[in-house]
Amino acid sequence: MSRVLTLLLSCVVLLGSVHTAHAQPATGAPAAILPSWPAPGAPLTVQPLTVPKGLRKKRIYLDAGHGYRDNTGNSSVTCEDEADFTLRVAQDLARRLEATGRFQVRLSHKAGQDVSYRTRISEAESWKADAFVSLHSDARGEATWWEPTPGQRCLRQDSTPGFSVLWADDTAEPLKTRRVTLARALSQHIAQAGFLPYNGVDYVNLYAGDPEHPGVFVDRHEPGYRIMMLRRPRIPSVIIETHHALDFEEAARWKEPRTLEAFAAAVAQGLVDAFSGSAAPPPAVATTGVAAQK
């Protein structure tokens, strides 16, 4: 009887070993390929904020782009006005930046307020803001009409997603260096969070790409047509084009709480790096490259 029991136990162990072997993945099997932004499920990282000792609390003037008089900006792939989008995102970003305890934030306007663009700049300067950050969404390329819902016609163009950070170099030092440092620090951390830097294909003759910092572009509009929010402030100023509003997948991702959370964390770290000198020192600015419709 003991011999029979021993044989039975040996068979059970053998079968268990075979089952375990089949359950293991084959050696050298390819890892699962994660989707890339802006595809659904493409991962975003919420970066923990690292602040060097001694850095004082900074004042950030946060401009929700457009929203003055009848200027509502672009209309997205689902017909959301850019002014409504930027106000929603600016309010969320302001709350998250304030929550870090490292920033004091002032919004350019609230819902229903009609604040001119010149007034926004003068308010930021009189408040002695450390930076002027204007939020926008972009509308690029040749779009076609479609209906997200029956009877609703909106423009759509899904081939050029991505964010960009814009700045202007038509000023004297040290402001010029402070502007480009801010733009590069923000772009670096937004990209590290998982957002796609825009390649600038539609920016020809309007903005020049930064060859060492994907997503960063310097204003190259003709004199007299350059962007007021980049050129006029006497404090470091940038425009963040958060995404391509006519791209269906990217516009959908910007309605997700995780996107807002990851974006806010990236902006917070970019601001800290720009103010603390943690950002890489800027080399000479390139003027070749690649335009937004602002």
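Structural data are supplied above this passage.
Calculation rules
- Residues numbered from 1 in each chain as written.
- Predicted model: local features only at pLDDT ≥ 70, side-chain atom pairs only at ≥ 80, totals over all residues.
- Heavy atoms only, no water.
- Helix = DSSP H or I, 4+ residues; strand = E, 2+ residues; numbered from the N terminus.
- Buried < 20%, exposed > 50% of the residue type's maximum accessible area, 1.4 Å probe, protein only.
- Areas by Shrake-Rupley, 256 points an atom, 1.4 Å probe, with all protein chains shown as cover.
- Pairing = 2+ DSSP bridges.
- Right-handed = clockwise from strand over helix to strand, strands pointing away.
- Core = buried A, V, L, I, M, F, W, Y, C linked by side-chain atoms within 4.5 Å.
- Contact = heavy atoms within 4.5 Å.
- Axes fitted to C-alpha atoms, helices over the stretch in contact; angles between N-to-C directions.
- Disulfide = S-S within 2.5 Å.
- Phe/Tyr/Trp six-rings, centres within 6.5 Å; stacked < 30°, edge-to-face > 60°.
- Polar contact = N/O pair within 3.5 Å; in protein donor to acceptor, adjacent residues only side chain to side chain.
- Salt bridge = Lys/Arg side-chain N within 4 Å of Asp/Glu carboxyl O.

Within the protein chain, the regular secondary structure consists of 7 helices and 9 strands. For the protein chain, with 294 residues in total, the buried portion stands at 45%. Here the protein chain has roughly 14900 Å² of accessible surface; of this, 56% comes from carbon and sulfur atoms.

Here we come to the pairing of strand S2 (residues 103–107). Two strands pair when backbone bridges link them, and strand S1 (residues 58–64) and S2 are joined in this way by 5 bridges, in the parallel orientation. Paired with Arg59 across the strands is Gln104, a residue of S2. Between the parallel elements S1 and S2, the chain passes through helix H2 (residues 82–99) in a crossover that is right-handed.

With that settled, the discussion passes to the nonpolar core. Of all hydrophobic cores here, the largest spans 45 residues; its most connected members are Leu135, Phe195, Phe263 and Leu271. With 10 residues, the single largest contributor to this core is helix H7 (residues 257–276). When neighbours within four sequence positions are excluded, Phe263 is seen to be in contact with Val89, Leu93, Leu135, Ile190, Phe195, Ile240, Thr242 and Trp254. Membership of the second largest hydrophobic core comes to 19 residues, among which are Tyr68, Tyr117, Ala168 and Leu230.

Ordered in space as S2-S1-S3-S9-S6-S8-S7, the 7 strands form an open sheet in which the pairing is mixed. What marks the edges here is a single partner per strand, and that holds for S2 and strand S7 (207–209). The mean inter-strand angle of the sheet, taken between neighbouring strand axes irrespective of direction, is 30°. Sitting on the sheet, helix H3 (residues 117–126) touches S1 and strand S3 (131–138), and the angle it makes with S1 is about 175°.

A few words now on the state of the cysteines. This structure, assessed with the given rule, holds 1 disulfide. In this model, Cys79 is linked to Cys154 through a disulfide, with the two sulfur atoms separated by 1.9 Å. Measuring the twist about the S-S bond at about -120°, one finds the Cys79-Cys154 disulfide to be left-handed. Taken together, the residues span a long stretch of sequence, with Cys79 in the loop between S1 and H2 and Cys154 in strand S5 (residues 154–156) at a distance of 75 residues. You can call Cys79 partly exposed: its relative accessible area is 27%.

How two aromatic rings sit relative to each other is set out by the distance from centre to centre and by the angle between their planes. Counted according to the given criterion, the structure contains 12 aromatic pairs. Here the aromatic rings of Trp146 and Phe248 are separated by 5.5 Å at their centres, their planes lie at 85°, and the arrangement is edge-to-face. Placement of Trp146 in strand S4 (residues 144–146) and of Phe248 in helix H6 (residues 248–253) is noted, with a sequence separation of 102 residues between them. Classification of Phe248 by relative accessible area gives partly exposed; the value is 34%. Centre to centre, the rings of Phe195 and Phe263 are 6.4 Å apart; their planes meet at 85°, and the pair counts as edge-to-face. Taken together, the residues span a long stretch of sequence, with Phe195 in the loop between helix H4 (175–192) and S7 and Phe263 in helix H7 at a distance of 68 residues.

With respect to the helices and strands, the residue Asp63 is situated in strand S1. What makes Asp63 buried here is its relative accessible area of 1%. There is a polar contact of 2.9 Å between the side chain of Asp63 and the side chain of Ser108. At 2.7 Å, the side chain of Asp63 forms a polar contact with the side chain of Arg120. Other than its neighbours up to four places away in sequence, Asp63 contacts Ser108, Arg120, Phe132, Val133, Ser134, Leu135 and Met229.

Moving on, we get to the pattern of salt bridges. All chains considered together, the criterion is met by 14 salt bridges. The shortest N-O distance in the salt bridge between Arg96 and Asp92 comes to 2.7 Å. Of the two residues, Arg96 and Asp92 both sit in helix H2, 4 residues apart, roughly one turn of that helix. Residues participating in the shared-partner salt-bridge network are Asp92, Arg95 and Arg96.

Only a minority of non-glycine residues have a phi that is not negative, and only a minority of peptide bonds are not trans. Looking along the chain, the bond that leaves Trp37 and enters Pro38 is cis, with omega of 10°. Assignment of secondary structure puts Pro38 in the loop between helix H1 (2–23) and S1. Along the chain, Glu173 connects to Pro174 via a cis peptide bond; the corresponding omega equals 5°. The phi dihedral of Lys128 falls on the positive side, at around 60°, and the residue is not glycine. Judged by relative accessible area, which is 65%, Lys128 ranks as exposed.

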